[in-house]
Amino acid sequence: MTDQPIATVEATPEGRRLHIPIPLRWGDLDAFNHVNNTSMLKLLEEARVRAFWQPDPGETAPPTAVLDSGLHSGVLTLIARQEIEYLAPVPYQRFPLDVQMWFGKLGGSSIEVCYEVCSPREMADADGRQTVYARATTVVVKVDAASGRPLRLTPEERAAWTPYQGEPINYAHRR
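This one's a predicted model, so the numbers in the text were calculated from it and none came from an experiment. (Residues numbered from 1 in each chain as written. Predicted model: local features only at pLDDT ≥ 70, side-chain atom pairs only at ≥ 80, totals over all residues. Heavy atoms only, no water.)

Quick notes on the packing of aromatic side chains
- One pass over the structure, following the stated rule, counts four aromatic pairs.
- With 5.5 Å between their ring centres and 75 degrees between their planes, Trp-26 and Tyr-92 make a pair best called edge-to-face. Residue Trp-26 is located in the loop between strand S2 (15-22) and helix H1 (37-52), and its partner Tyr-92 is located in the loop between strand S3 (75-86) and strand S4 (97-106); the two are separated by 66 residues in the primary sequence.
- In this structure Trp-26 comes out as exposed when scored by relative accessible area, which is 60%.
- Taken together, the aromatic side chains of Phe-52, Phe-103 and Trp-161 make up a single cluster linked through ring pairs.
- For Arg-17, the ring lying beneath its charged end belongs to Trp-102, and the centroid distance is 3.8 Å. (Phe/Tyr/Trp six-rings, centres within 6.5 Å; stacked < 30°, edge-to-face > 60°. Helix = DSSP H or I, 4+ residues; strand = E, 2+ residues; numbered from the N terminus. Buried < 20%, exposed > 50% of the residue type's maximum accessible area, 1.4 Å probe, protein only. Lys NZ or Arg CZ within 6 Å of the ring centre and 35° of its normal.)

What about H1?
- Compared with the 22 Å implied by 1.5 Å per residue over 16 residues, the 23 Å span of H1 between its first and last C-alpha is a close match.
- Close packing links the buried residues of H1 with S2, S3, S4, strand S5 (110-118), strand S6 (132-144) and helix H2 (155-161). (Expected span 1.5 Å × (residues − 1). Contact = heavy atoms within 4.5 Å.)

Shape is all these values report; function is a separate question.
Below is the structure:
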């Protein structure tokens, strides 16, 4: 297996998407030998951190990694909402999952992050198709760490994220 890039960008008919390779750990599996539903939230979190949080010196990151978050910065990012639609069990595999990400909405102080969790790119069929295991949405709100009040998105954040804005996920099984 070769070293995986931190992220790649691909233009699709739906818009630009970030592709974040996320390796599975044996501990992500449950007794049925597929990724546990609670582990999926951790995989999405890992993709989000790699895609949007500023890298440390010497690290590489995609152009969307502009958030300076944490107590040291005075900015927190809080999860306001998450939704996942599981489409197929995720088996253990050595190649990393291809977590494709884009923004469904950029609000005043919030971002709607959309995901498709796909089979590894190395395992695509002859036509380049991958299995979509899950689709998900996370609403993240920027908050002032001291006051707990929402913070507006900065012009730098909007400039970095707007090229990745696309249609929000329309969940098939929502009632």
